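# A structural walkthrough
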Number of protein chains: 2
Amino acid sequence: MEPLPPRKGLSGSGVDRRRDMTARRQAEQLGGGDPQRALAYIEANFESHLADLQGYLKVDNLVTHRERCDEMARRLKEEIERLGGRASVLDYGDMPFVYGRLESGAPRTLVIYRNYDIVPPEGADWSAPPFSGRVRRLEGLGDCVIARGACDPKGPLVGTLRAIEALVRAEGGSPVNLIFLLEGDEQLGSPTLAKVIHDRRKELETAQGALYPKFIQGQGGDPVLPLGVKGMLLLELICSGGAWGGPTRTSIHSGNAAWVASPAWRMVRALATLLDENERVLVNGFYDDVVEIIRPEKEDGGSPEPHVGVIEDQYEYLRSRHVLRFKHDLPPAAICKRYLGQPTFNLANLLIHRSRPWSQFLLPCEVRAQVDIRLVPDQDPEAVVAAIRHHLNDHGFQDIEVITRLAYRPWSIEEDHPLVETARRAYRRSGKEPEVHPSSGTSQPFSLFDEIGLPLVVAGLGRGGRSFHTSEYASIAGIQEFEKWVVRFVHEFAGPGR
Amino acid sequence: MEPLPPRKGLSGSGVDRRRDMTARRQAEQLGGGDPQRALAYIEANFESHLADLQGYLKVDNLVTHRERCDEMARRLKEEIERLGGRASVLDYGDMPFVYGRLESGAPRTLVIYRNYDIVPPEGADWSAPPFSGRVRRLEGLGDCVIARGACDPKGPLVGTLRAIEALVRAEGGSPVNLIFLLEGDEQLGSPTLAKVIHDRRKELETAQGALYPKFIQGQGGDPVLPLGVKGMLLLELICSGGAWGGPTRTSIHSGNAAWVASPAWRMVRALATLLDENERVLVNGFYDDVVEIIRPEKEDGGSPEPHVGVIEDQYEYLRSRHVLRFKHDLPPAAICKRYLGQPTFNLANLLIHRSRPWSQFLLPCEVRAQVDIRLVPDQDPEAVVAAIRHHLNDHGFQDIEVITRLAYRPWSIEEDHPLVETARRAYRRSGKEPEVHPSSGTSQPFSLFDEIGLPLVVAGLGRGGRSFHTSEYASIAGIQEFEKWVVRFVHEFAGPGR
């Protein structure tokens, strides 16, 4: 594999260009082909790295908690500045976004995209308090940090910063320029990211690739290299009283149900037309564009594929703790295949009485359903919304509004893309061979990077799990492996041998 | 009509009996046949009565606001004590209950049953702030007090207290003994009342009747005498993850909707089987025991019956302000008949994520539906619950729990019952002829009084409306008429001519 060519130079003023040239000279003095000093630095300083992560894990910056997210954003901004970069906290009305740049005058630029927000710690049976960052020994994993965010996102986020710190402190600087895109509302569907990418498009287009760092080793010990994520369609369906019946202005006493129809029952009837008893979506055309992303030879239940890696962790966890029966009576491999390749259609909320302290004995004037749909290739968000609109009309629910709250396409990258090869080389230098997966099964707004022609890779080492569950964890040994992997990846990205 | 006989003597200790005899002698000295002094007292003091009501209306003691309900309960306790009675605030865990007794040694005892709790002021377009008690002139009604609770319950509640005050101050005492049952959670379905009646049963059984005071004059000016109310069945349906599928402990990331089924969709499917598109209940046997409570000769749409009185107010209000179309395309009289005579089946809440600050992108482990069913004669709450259970089982939803949160039967009283006659005489002495209605269309736990053999009458004068809507009102002239009516009713209840 050839070294990756630089994609675009920084187009800018004379001042910019002079700064570039100075920085480039510095980078040439650095060398940078040999990551040994940075790797040794990580080993020597790992105890303080771990303590630092634990400090981050103690902040309960839930995605809805503005004040705590402000605190975390400030902290991340200062981190980037301490590394020698520039950073700012952007306020687009949602949670604060941290945008930063660490310029080393290198010919190539890497975007680090990750989030810092966390979801609330669901459940009471945590093996350690969710914001304590305590260490517990887990079978097959050794010592692990237990905390909400340990695996997603703080472990890989802070680990990446520590890896860059090692490059800066031990090697005198990063062999690539870095742009940081750190969002505070990924757990709400990344509503800010599109605006930031739009506003910083010119600078982002100077980068040659983006890394979404992740703890991604499965139970077998091998890392997974996912080549895609699902898209997202967050819809709000609104049924209000109107010409068809129902109260139109305020909720009314439910005694009136004898002569006034209810938007709640109407919404229930409409929703019930959308999915059958096996949760197969009944919207005409919904599955038309769904493309088979798993090769047929890996399909049959007898083969271990794709029942492997991170998918297996998730599968095992659900099976052992939360779920007594999967949706379909199929062999594990076939169920996992559905997880990776099938769209979802989830009813996350049905708000009959919004923000009311009291709602018994009321006939509502308006009912809202929140539906999140995860799209797979080649489903198009707009086509799916149109199909749902047609479905509701066909079933006599012309009055039910469908509002798109969020929409992004599924994303994928070719297996032989140079950036994927870069990640693969970093894995090999870590003694690992990644297992390529057609999708990660979850949704991420990576298609926004596609829109500006920026290739992205989801990669890393390290083991963690239970991201949305109790006792989220990250293996401590894995964190160190992860940091070293990031150092190797950055070097490979700069170009081997440089 | 003969004077009503005393139903039961106070059975008690020698001390009780001696106290009774002393009190009875006092009552005989009072006389009490002529209410003129009390009526004159009301006229002379009405300005302060109105100011007093406005003071009550300024307290925003929402049914969910414990502190304010405590304040209101204390105030009512002190009112009863100021009238010369004994009272206590009972704490059964829900909102405080005020139980009081004003003993005048009379041979007969009347129970005053009413609530003091109010619902939140829905809507922003009030013609005066909902807790200001301001006066506005309304067409056909003259000056009216505008406030949440003006009509339901504070107008009639405070008016009753002022009428009793007039009897005490102007006539030296009430011609009947009075027991006060004032509840603080009627708007939640009166969860405390059954316990209070059970605990005070012995004393309550010494009473000969109960009055539920109400502003009950219709637009035509005639009062309505309803002979029944609907019963209540408040159910919670719970669908949890389990052997059928779904997450079992905590909500999980909605990406798992690809391989894990959802209790939310399951609940939607189950609910959709309960009612058809015309909201006709599909539960086998649900309508079997529904009895025709309106005489056939009053049924046809051409007759003004039962499109009259308070029902007309409600009908007009809904038509003019909130509802563009009634549930059934029928003449007004037939629609009103349904309001009075048909059961309701309302979906008041569907709780997919309880008390969560954040719930997007989650697949729930448990979903709860709150359904309130208003029962008509001769529907039996237990039989209806059993029918719903069978229905869910028959449709494959054996796992969905059905919990009865509240249940009381429909209630009715015979048109020629002596207590109804007493109310009728009080109306006639006020120059009004009441219009007898088979039901009030709403639900009240009056059947609990039936269970201890205590007859009850829903009656009063006065005009008010919009109880659950914006700009709830009570006519000021009507409040005075109401107070005078209560004085007349109490005298009639004591026995005419006494």
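See the structure shown above.
A brief report on the enclosed structure follows.

Conventions and cut-offs
Residues numbered from 1 in each chain as written. Chains lettered and ligands numbered in written order. Predicted model: local features only at pLDDT ≥ 70, side-chain atom pairs only at ≥ 80, totals over all residues. Heavy atoms only, no water. Helix = DSSP H or I, 4+ residues; strand = E, 2+ residues; numbered from the N terminus. Buried < 20%, exposed > 50% of the residue type's maximum accessible area, 1.4 Å probe, protein only. Contact = heavy atoms within 4.5 Å. Areas by Shrake-Rupley, 256 points an atom, 1.4 Å probe, with all protein chains shown as cover. Pairing = 2+ DSSP bridges. Expected span 1.5 Å × (residues − 1). Least-squares fit on C-alpha atoms with pLDDT ≥ 70 in both. Axes fitted to C-alpha atoms, helices over the stretch in contact; angles between N-to-C directions. Phe/Tyr/Trp six-rings, centres within 6.5 Å; stacked < 30°, edge-to-face > 60°.

Here the focus is the overall build of chain A. Within chain A one finds 13 helices and 20 strands. Across the 498 residues that make up chain A, the buried fraction comes to 63%. Considering only contacts in chain A between residues 6 or more positions apart, those separated by 24 or more positions represent 80%. Of the roughly 18100 Å² that chain A leaves accessible, carbon and sulfur atoms contribute 46%.

Our next topic: the pairing of strand 10 (residues 231-240) of chain A. Remember that side chains alternate between the two faces of the sheet whenever the strand is regular. Residue and element names in this part refer to chain A. Taken across its ten residues, strand 10 has nine buried, putting it largely inside the fold. When strand 10 meets strand 14 (residues 366-375), the two strands line up antiparallel, connected through ten bridges. The partner of methionine 232 across the bridge, within strand 14, is arginine 374. Pairing of strand 10 with strand 15 (residues 401-408) involves seven bridges; the strand directions are antiparallel. Residue pairing across strands places leucine 233 opposite alanine 407, the latter belonging to strand 15.

So, about helix 11 (residues 418-429) of chain A. All names here are of chain A. Over its twelve residues, helix 11 extends 16 Å from the first C-alpha to the last, a length consistent with the 16 Å expected when each residue adds 1.5 Å. Of all the twelve residues making up helix 11, nine are buried; the element is thus mostly covered by neighbouring parts of the structure. Listing the buried residues of helix 11 in full gives Leu419, Val420, Glu421, Thr422, Ala423, Arg424, Arg425, Ala426 and Tyr427. For helix 11, the secondary structure elements touched by its buried residues are strand 7 (209-213), strand 8 (224-226), strand 17 (435-437), strand 18 (456-459) and helix 13 (476-494). Positive phi shows up at glycine 431, right after helix 11, with a value of about 80°.

Relative to chain A, chain B is turned by 180° and slid 0.0 Å along the rotation axis, the superposed coordinates differing by an RMSD of 0.1 Å. Put plainly, the chains are arranged around a two-fold axis. A shared interface surface links the copies, since 100% of the contact residues of chain B are contact residues in chain A too.

This part is about the sheet that holds strand 20 (residues 473-475) of chain A. All names here are of chain A. Strand order across the open sheet formed by four strands is 4-5-20-19, with antiparallel pairing between neighbours. The open sheet has two free edges, formed respectively by strand 4 (134-138) and strand 19 (464-465), since each of these has just one partner strand. With two bridges joining them, strand 19 and strand 20 adopt antiparallel strand pairing. Within strand 20, the position partnered with glycine 464 by the bridge is alanine 474. Of the strands in this sheet, strand 4, strand 5 (142-146) and strand 20 are in contact with helix 13, which crosses strand 20 at around 65°.

This part takes up the packing of aromatic side chains. Working definition: an aromatic ring pair is given by the centre-to-centre distance plus the angle between the planes. Evaluation of the coordinates by the stated rule reveals 28 aromatic pairs over all chains. Residues A:Phe326 and B:Trp259 carry aromatic rings whose centres are separated by 5.3 Å and whose planes lie at 70° to one another, so their mutual orientation is edge-to-face. In this pair, A:Phe326 sits in the loop between helix 8 (309-322) and helix 9 (332-341) while B:Trp259 sits in the loop between strand 11 (252-253) and helix 7 (263-272), so the two residues belong to two different chains. A residue is classified by how much of its surface remains accessible, and A:Phe326, at 7% relative accessible area, is buried.

So, about the sheet that holds strand 14 of chain A. Residues and elements named next belong to chain A. Read across the open sheet, the four strands follow the order 12-14-10-15; overall the sheet is antiparallel. Each edge of the sheet is formed by a strand with only one pairing partner; in this case those strands are strand 12 (344-351) and strand 15. Ignoring strand direction, the axes of neighbouring strands in this sheet form an average angle of 20°. Where strand 12 meets strand 14, seven bridges bridge the pair, whose relative direction is antiparallel. Of the residues in strand 14, the one forming a bridge with leucine 347 is valine 371. Where helix 10 (residues 381-394) meets the sheet, it contacts strand 10, strand 12, strand 14 and strand 15, and its direction lies at approximately 165° from that of strand 15.

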